Amino acid sequence: MLAPPAVAIIAGLLAHQLVFIHGEWHLEGPRVVVLHLLSWGLLYASYSFRTGSTQASLIQTIYLATCYLLSLFTSITVYRLIFHRLKHFPGPNLAAVTKLWHVWKCRDSRGHLVLHAWYEKYGEFVRTGPGEITIFHPEAYEVMDGPDNRNTRSDWYDLLYPRISSIFTRDRELHYERRKMWEQALSTKALLQYHQRVMEKVRTLESLIALEQSRPVIINNLMYFFAFDSMGDFAFSEDFGMMRNKKWHLSIAMLRSALTLLGPFSPAIWIPRLGFAFIPALWKVRHWFHMLAFCDKCMARRIKKTLSDRDIASWFIEDHVKHASDPTRARWLSGDTATLVVAGSDTTAPSLTLLFYFLARYPIHAEKIYEEIRDVDRENPTALATLPHLTGTINETMRLLPAVLTFSSRVTPPEGLMIDGTFIPGNITICAPRYTIGRLETAYVYPHEFIPERWYSQPELIKDKRAFAPFGVGRTSCVGRHLALAQIRLVTAARYRIKFASGENNGEAVERDMKDQLTAQPGACGLVFQRRV
């Protein structure tokens, strides 16, 4: 008969080889933890019953649990380093063993710099996790989301589970079907209905800047106030009042706090899911649930309103009422509402902040934009969209410092895929960080320089257009792209000269202190606005 330690060691080996090596476990993490704790608890109770010694029983239980865990993790480590299909890809050895190494490296929420350093050290294809390859290649976006792709979304997209976001769902058919509703809500026709709402917010923003009378302004806060107030208006016909009150709405401040969880933990989404299960009332995890409750309350208030004018929520409400007998629709409505609140504001705000940072850093481009808009109706987004230097400046900002720095991951089809002569096996997570791909020498001439002209008068400075996809490509691209660009153009068309406030040292804090927390969170940017006559 085998000794208990031998049984524990064999159990660890079998747990890996027969169970954990197969399939996905991120949604089962809490159950796995509870099952192990219960098993060890029963083992302790059994020893206590037989021996009558609680101390000896506890020591024996800890000893056997340690044997089991050492066996389990040794098996996992040996497999991932020696036998895994990705063993020939370069990358940090510790990243190949566990995503916890990636999480540790991202502990200060600068994942974009972590990945960029790994690219510089290891090249275009880097093993950044046990079953993950990060691709630093201009073709990455087309391979991941192009028309012929057979990839599926990674486990990251289960972040909101059990809520179901039709934009972030992993079910391809559900996404394609539900996306039609979003496309209606954000169609060209719908945007015309939202235009006056957006313009009212743009004018409010301009009046706030004018009130400062050439005093320094922390542009980050103003752009977040603008983005969230705008989202509340055209999404729910609700005024959050942040620009009016010049301070953060409590629930939105908690929303911002909740999203900071994704800075260190996005590489291993099973970690926040464990937090959601075990510590829902502690630390920033409670802010996450407050955020979701806030989103649901926004939709609940909107449902009670009877409005003649359309807003984005009206499309979701119609669908919800039409299928009221389907119990899953409540989860869909909740998931879509959370997506609308976050995606409808938390990308526009950093985009605007970074754009104004570059305009202050390179004032010649602000002057060129001003010359372009002098003879154009600056409240007409269609007219603004035809201005080459304005468009080039926006594109160049999104190339160098995109609102989404690293996020984007897919799982390869069973047959795998080929990219530039490199084969990536099937059922492997692949990632494409925009921050680094936007700076590839294989895609751009002078890749680290801010040159808006490359987008219209100097196209020779772009070697590979596939490297630019700030809104994604294909049928999973950002459905709110046109609304976001309209907002950005309208705000940028304001008649101001912009310069850094005293002591800003050319805005060095913007990039130095920037965080990667699902979206980019630029460092503080103090600007001075001078009204043009």
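Scroll up a little and you will see the structure.
These figures come from a predicted structure and were not determined experimentally.

Q: Would you mind going over the pattern of salt bridges with me for this structure?
A: Pairs can form between side chains of opposite charge once their charged atoms are near each other. A complete count under the given rule lists 35 salt bridges for this structure. Across the pair Arg 302 and Asp 311 runs a salt bridge, and its minimum N-O distance is 2.6 Å. Of the two residues, Arg 302 and Asp 311, neither departs from the other in class, the shared state being buried. Between Glu 511 and Arg 361 there is a salt bridge, with the nearest N and O atoms lying 3.1 Å from each other. Here Glu 511, found in helix α24 (residues 508-512), pairs with Arg 361, found in helix α18 (residues 348-361); they are 150 residues apart in sequence, far enough to count as distant. Through salt bridges that share partners, Arg 178, Asp 319, Asp 326, Arg 329 and Asp 336 make up one connected network.

Q: What is the right way to read the pairing of strand β1 (residues 125-129) from this model?
A: The side chains of a regular strand alternate, first on one face of the sheet and then on the other. Counting buried positions along β1 gives five out of five residues, so the element sits mostly inside the fold. By the bridge criterion, four bridges tie β1 to strand β2 (residues 132-135) in an arrangement that is antiparallel. Looking at the pairing, Val 126 lines up with Thr 134 of β2. Turn length for the β1-β2 hairpin, with the two strands adjacent in sequence and antiparallel, is two residues.

Q: Any chance you could explain the environment of Cys 295 here in plain terms?
A: Within the fold, Cys 295 resides in helix α15 (residues 285-304). With 180 residues separating them in the primary sequence, Cys 295 and Leu 115 have C-alpha atoms 32 Å apart. Non-local contacts of Cys 295, meaning those with residues more than four positions away in its chain, are made with Thr 337, Ala 338 and Val 341.

Q: What exactly am I supposed to notice about the pairing of strand β12 (residues 526-531) here?
A: Note that strand β4 (residues 217-218) and β12 share two bridges and pair antiparallel. The residue bridging Val 217 from the neighbouring strand is Leu 527, located in β12. Pairing between strand β9 (residues 496-500) and β12: five bridges, direction antiparallel. Residue Phe 500 lies in a different strand from β12, and its bridge partner there is Leu 527.

Rules used throughout
- Residues numbered from 1 in each chain as written.
- Predicted model: local features only at pLDDT ≥ 70, side-chain atom pairs only at ≥ 80, totals over all residues.
- Heavy atoms only, no water.
- Salt bridge = Lys/Arg side-chain N within 4 Å of Asp/Glu carboxyl O.
- Buried < 20%, exposed > 50% of the residue type's maximum accessible area, 1.4 Å probe, protein only.
- Helix = DSSP H or I, 4+ residues; strand = E, 2+ residues; numbered from the N terminus.
- Pairing = 2+ DSSP bridges.
- Contact = heavy atoms within 4.5 Å.

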